[in-house]
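# Structure at a glance
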Amino acid sequence: MRNKLVKTSAFRLSVVYVLVFGLTILGSVVYIHWQAQSFISRNIDDAIDAELKGLAEQYRQGGLGSLTRTVAERSLTPGNSLYLVTDASGRYEAGNLRAVTPELWNVIGRVQFAYRRPSPTGDEMRLAIANVFRLEGGYRLIVGKDIQERREFEALLRHVALWSLLAVAIAGVGGGLMLGRRLLARIDAVTQASDAIVSGGLGGRIPLTGSGDELDRLAAHLNALFDRIEALMTGLREVSDNIAHDLKTPLNRLRNRAEAALRQEQGEAAYREALQDTIEEADGLIRTFDALLNIARLEAGAHSTSFETFNLGDVVREAVELYEPLAEEHGLTMRIDDFGPLPMCGEPRLIAQAVANLIDNAIKYASGEQAGGSGAGLTIAAAESGPVIELSIADRGPGIAEEDRDRVLKRFVRLETSRSQAGSGLGLSLVAAVARLHGGTLKLEDNRPGLKVVMTLPRGETERWQERLAAE
Amino acid sequence: MRVLIIEDDQKTASYLAKALKESGHSAEIAEDGDTGLAAARSAHYDVMIIDRMLPKRDGLSLIRELRAEGCRTPALVLSALGAVDDRVQGLRAGGDDYLAKPFAYSELLARIEALVRRASPEESAARYVVEDLVLDRLSHKVMRGGQPIALQPREYRLLEYLMKNAGQVVTRTMLLENVWDYHFDPQTNVIDVHISRLRSKIDKNYDKTLLHTVRGAGYMIGTSAQ
């Protein structure tokens, strides 16, 4: 866990951040320190020089007596100025410095020294800077400034810098660790949830915190991914279940029939008939197999690369024209609403197949005995509505009960009533798959009486349509 | 006609060869792509039946190679892949027709006969004549016994395709593909209804029937049914 935490990007980022931030603080503290020091030193030097100049003036005008008087006077005012006037032997004449230390005695000019100052708690040693000036007759004038406070200020500055650096480092690293741990905990939750989903049959989903942050978005994306995988897996399972059912049953029939024909000696005509039946059964199997494969391929989106712009109106008209004689033979009239060009982007052969399937279905189911009467017929309409084209095929047949409508569109679900009908019974599933491939939908509605199938197809990118029209 | 069968499944190949011989044709078998290519180069065939998935060299590259060499022998591609784009690939590679497995022999025979005929100069004839039925491809007029027959555009195309293949069986899927450009099996007898409509126009009032139904196979226009 510790090792993992140190490895998180949040922790690494905060370490880098702390380093950069700490260096910046250090730099600015050093700069402030240096600036303050040189400013204060300059001030002290200037003050000492000014006092020296003033006292030198006193000495020139009034001699030693005037100097000692002024020094004694100034020594009385409280402050950090230090004065001392001694004779050639170092004996005290005037000033607030009581004694001459050896380092002060041996030097002429600027010197830093320690001195003893009386205070309520006893004498204390303090630091000072002074300028030592030799007067006539061995007398010395010492003018200085107490710099103990300055020293203390510098120490304070160093302390502040050190502690703030420490605080920044602790806060930064600690914050990074906390952030990293929080992030890790959430990522671990996502990882565990997805592990559970993967090992548990894709049922669950990663819980979202609802904050909408990037981790939530990631979890939502993962959930969408799981949804897609689950849908594909369900599809696959349905396909295999249906293959098992829809192919095994006729295979079994085929086998039984061949076996029955072999079992007893029969005439050539009987064999011929049995073989003919076998071929028909095999053809039915092939059709079912083709339909299943086609739907599976459509579901996998295998065709979407061959999309082109075409006129849906033409496709519908051609399908109607193909089925018109058949409808007529079934006693149905086909009415096609007048519609202009309906450009859309898709796979025209698949759309043609879907439309043909729908018309085929309508003829198959609407031509029963219930469909008699004056209203018997198919109405095919198509119209643009916003970004989609709505294509509807309405019949006057028995229709589909409302509770069955959704079910019949689900992949491979067939109504018991239609299982007995000719054909693979996968026609509507194929149409739904074609619609889905094009990003459209297939809806079943009540035509009162009869069934109305509405296929909604997005027009898609048809901008080249105008160019094509112009070229033609 | 001489048929070259390039197919790696021995059972399918020998069954096809046997059936073709029974229909009065001669057939030779090559079992992989390279042998097939060598056979196609060394002798003249009227038509080739090429399986798409072959050992050593796949069917499509074989056709591409032959076409690049200038070989124009019509080729029918056989494949277990039957989706729209598989078909397009097969035709783009230089195949002349595409048949998805499994198929009916009658379908295959009708298709290769149509391919051979298409390669012959009669294909571009301006008029198709079967007995007293005449179809003029320039004026789009149809006459029987000197009497004009009015046909819908689609009926005209249906008849044109049948007459182009006169004397040969044309299957329902061939009609759907060539007349309607539909490449799927509509599962109901749509084509039969169109044929019976056409028949009522060109045959009904005449003694001799020209448009025949061939049981289990398709249709044929000609003097006699087989």
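Residues numbered from 1 in each chain as written. Chains lettered and ligands numbered in written order. Predicted model: local features only at pLDDT ≥ 70, side-chain atom pairs only at ≥ 80, totals over all residues.

### What about the overall build of chain A?
Quick note on the threshold: For helices the rule is a DSSP run of H or I covering at least 4 residues; for strands it is a run of E covering at least 2, with both sets numbered from the N terminus onward. The burial criterion counts other C-beta atoms lying within 10 Å of a residue's C-beta, which is placed from the backbone; the residue is buried at 20 or more, exposed at 12 or fewer, and partly exposed between these limits. We call two residues in contact when their backbone-placed C-beta atoms lie within 7 Å.
Check the secondary structure of chain A and you find 12 helices and 12 strands. Scored against the burial criterion, the 472 residues of chain A give a buried share of 24%. Long-range contacts, defined here as pairs at least 24 residues apart, represent 65% of the contacts in chain A between residues at least 6 apart.

### With respect to the environment of B:Val142
Residue and element names in this part refer to chain B. Here Val142 lies in strand E8 (residues 141–144). Val142 sits in the buried class, given 22 other C-beta atoms within 10 Å. In this structure, the C-alpha to C-alpha distance between Val142 and Leu159, residues 17 residues apart in sequence, is 9.2 Å. Aside from chain neighbours lying at most four places away, what touches Val142 is Leu135, Ile149, Leu151, Tyr156 and Leu159.

### Description of the interface of chain A and chain B
Operational definition: Note that Gly is not counted as nonpolar here; it falls among the polar residues with everything else outside the nonpolar set of Ala, Val, Leu, Ile, Met, Phe, Trp, Tyr, Cys and Pro and the charged set of Asp, Glu, Lys and Arg.
The interface of chain A with chain B comprises 22 residues on the first partner and 18 residues on the second. Secondary structure elements with two or more residues in the side of chain A that touches chain B: helix H6 (268–299), helix H7 (312–329) and helix H8 (348–366) of chain A. Split by residue class, the side of chain A that touches chain B holds eight nonpolar, five polar and nine charged.

### With respect to the sheet that holds strand E11 (residues 211–214) of chain B
All names here are of chain B. Note the threshold: Whether two strands pair depends on DSSP finding at least two bridges between them.
The three strands are arranged E10-E12-E11 in an open sheet whose pairing can be described as antiparallel. Each having just a single partner strand, strand E10 (170–171) and E11 make up the two edges of the open sheet. Here E10 runs beside strand E12 (residues 218–221); their pairing, made up of two bridges, is antiparallel. Each bridged residue has a counterpart across the sheet, and for Thr171 the counterpart in E12 is Gly218.

### Let's talk about helix H8 (residues 190–202) of chain B
Residue and element names in this part refer to chain B. Keep this limit in mind: Here, expected helix span is obtained from the residue count minus one, scaled by 1.5 Å. Arc, as used here, means the arc of the directions from the helix axis to the C-beta atoms.
When the terminal C-alpha atoms of H8 are compared, their 19 Å separation across 13 residues agrees well with the 18 Å that a helix rising 1.5 Å per residue should span. Within H8, burial applies to Val190, Ile191, His194, Ile195, Leu198 and Ile202. The buried residues of H8 occupy one face: seen down the axis, they fall within an arc of 130 degrees.

### Side note on the sheet that holds strand E12 (residues 451–458) of chain A
Residues and elements named next belong to chain A. Test applied: For helices, the fitted axis covers only the stretch in contact; all axes are lines through C-alpha atoms, and the angles between them, taken along N-to-C directions, range from 0 to 180 degrees.
The sheet built from five strands is open, its strands ordered E7-E9-E10-E12-E11 with mixed pairing. Of all strands in the sheet, those with a lone pairing partner are strand E7 (333–336) and strand E11 (441–446), marking the two edges. Neighbour to neighbour, the strand axes of the sheet diverge by 15 degrees on average, direction disregarded. Inspection of the sheet shows E11 paired to E12 by six bridges, in the antiparallel sense. Bridge assignment links Thr441 to a residue of E12, and that residue is Thr456.

### What about the environment of A:Glu230?
All names here are of chain A. Among the secondary structure elements, Glu230 is positioned in helix H5 (residues 214–263). Given 15 C-beta atoms within 10 Å, Glu230 falls into the partly exposed group. For the pair Glu230 and Gly203, spaced 27 residues apart in the sequence, the C-alpha separation amounts to 8.0 Å.

### Considering helix H5 (residues 105–119) of chain B
Between its first and last C-alpha, H5(B) extends 21 Å over 15 residues, near the 21 Å set by a 1.5 Å rise per residue. Regarding H5(B), the residues found buried are B:Leu109, B:Ala110, B:Arg111, B:Ile112, B:Glu113, B:Ala114 and B:Leu115.

### Structural notes on the pairing of strand E4 (residues 124–134) of chain A
All names here are of chain A. Pairing between strand E3 (residues 109–117) and E4: nine bridges, direction antiparallel. Bridging from a neighbouring strand, Arg117 pairs with Glu124 of E4. As paired elements, E4 and strand E5 (residues 140–146) share seven bridges and run antiparallel to each other. Across the sheet, the residue bridging to Asn131 is Val143, located in E5. Where E4 folds back on E5, the antiparallel hairpin that results is connected by five residues, among which Gly137 adopts a positive phi of roughly 75 degrees.

### What to know about the packing of helix H6 (residues 153–164) of chain B against H8(B)
Residues and elements named next belong to chain B. Operational definition: Relative orientations are named as follows: roughly parallel for angles under 35 degrees, roughly antiparallel for angles over 145 degrees, roughly perpendicular for angles from 65 to 115 degrees, and oblique for any other angle.
It is the contact of H6 with H8, at a shortest axis distance of 10 Å, that shows an interaxial angle of 85 degrees. Overall, the two elements H6 and H8 adopt an arrangement that is roughly perpendicular. Facing H6, whose interface residues are Glu155, Leu158 and Leu159, H8 presents His194, Arg197, Leu198, Lys201 and Ile202.

### Some remarks on the packing of helix H2 (residues 33–42) of chain B against helix H3 (residues 59–68) of chain B
Residues and elements named next belong to chain B. What counts is decided by this rule: By the definition used in this description, the sense in which the near helix is turned from the far one sets the handedness, with an anticlockwise turn below a right angle giving left-handed and a clockwise turn giving right-handed.
With their axes 10 Å apart at the nearest point, H2 and H3 run at an angle of 25 degrees to one another. Viewed along their axes, H2 and H3 adopt a mutual orientation that is roughly parallel. Handedness of the H2/H3 crossing: right-handed. Contact residues: H2 offers Gly33, Gly36, Leu37 and Ala40, while H3 offers Leu62, Glu65 and Leu66. Here the residues of the contact of H2 with H3 sort into four nonpolar, two polar and one charged.

### Considerations on the confidence of the model for chain A
What counts is decided by this rule: Confidence of the predictor at the level of single residues is given by pLDDT, which spans 0 to 100.
Across chain A, the average pLDDT comes to 80, with 90% of residues at or above 70. Counting contacts from residues 370–374 of chain A, a segment whose pLDDT is below 50, to residues more than four positions away or on other chains yields six contacts.

### A short note on the environment of A:Leu162
Looking at where A:Leu162 falls in the secondary structure, it is placed in helix H4 (residues 148–199). Taking the number of C-beta atoms within 10 Å as the measure of exposure, A:Leu162 has 12 and is therefore exposed.

### Side note on the nonpolar core
As a reminder, the rule being used: Nonpolar cores are identified as sets of buried Ala, Val, Leu, Ile, Met, Phe, Trp, Tyr and Cys residues joined via C-beta atoms within 7 Å.
Residues A:Val355, A:Ile359, A:Leu378, A:Val431, A:Val434 and B:Ile49 are the most contacted members of the largest nonpolar core, which totals 115 residues. It is H8(A) that provides the largest number of residues to this core, a total of 12 residues. For A:Val434, the residues in contact, after removing those within four places along its chain, are A:Leu298, A:Leu350, A:Ile351, A:Gln353 and A:Ala354. Core analysis: the next-biggest nonpolar cluster, separate from the first, contains 20 residues, A:Ala94, A:Leu97, A:Ala130 and A:Leu141 among them.

### Overview of the confidence of the model for chain B
Residues and elements named next belong to chain B. Of the residues in chain B, 95% reach a pLDDT of 70 or more, and the chain-wide mean stands at 85. Within chain B, no element has a lower average pLDDT than helix H4 (residues 84–92), which sits at 78, and none a higher one than strand E3 (residues 47–51), at 91. This complex was scored by the predictor with a pTM of 0.62 and an ipTM of 0.78.

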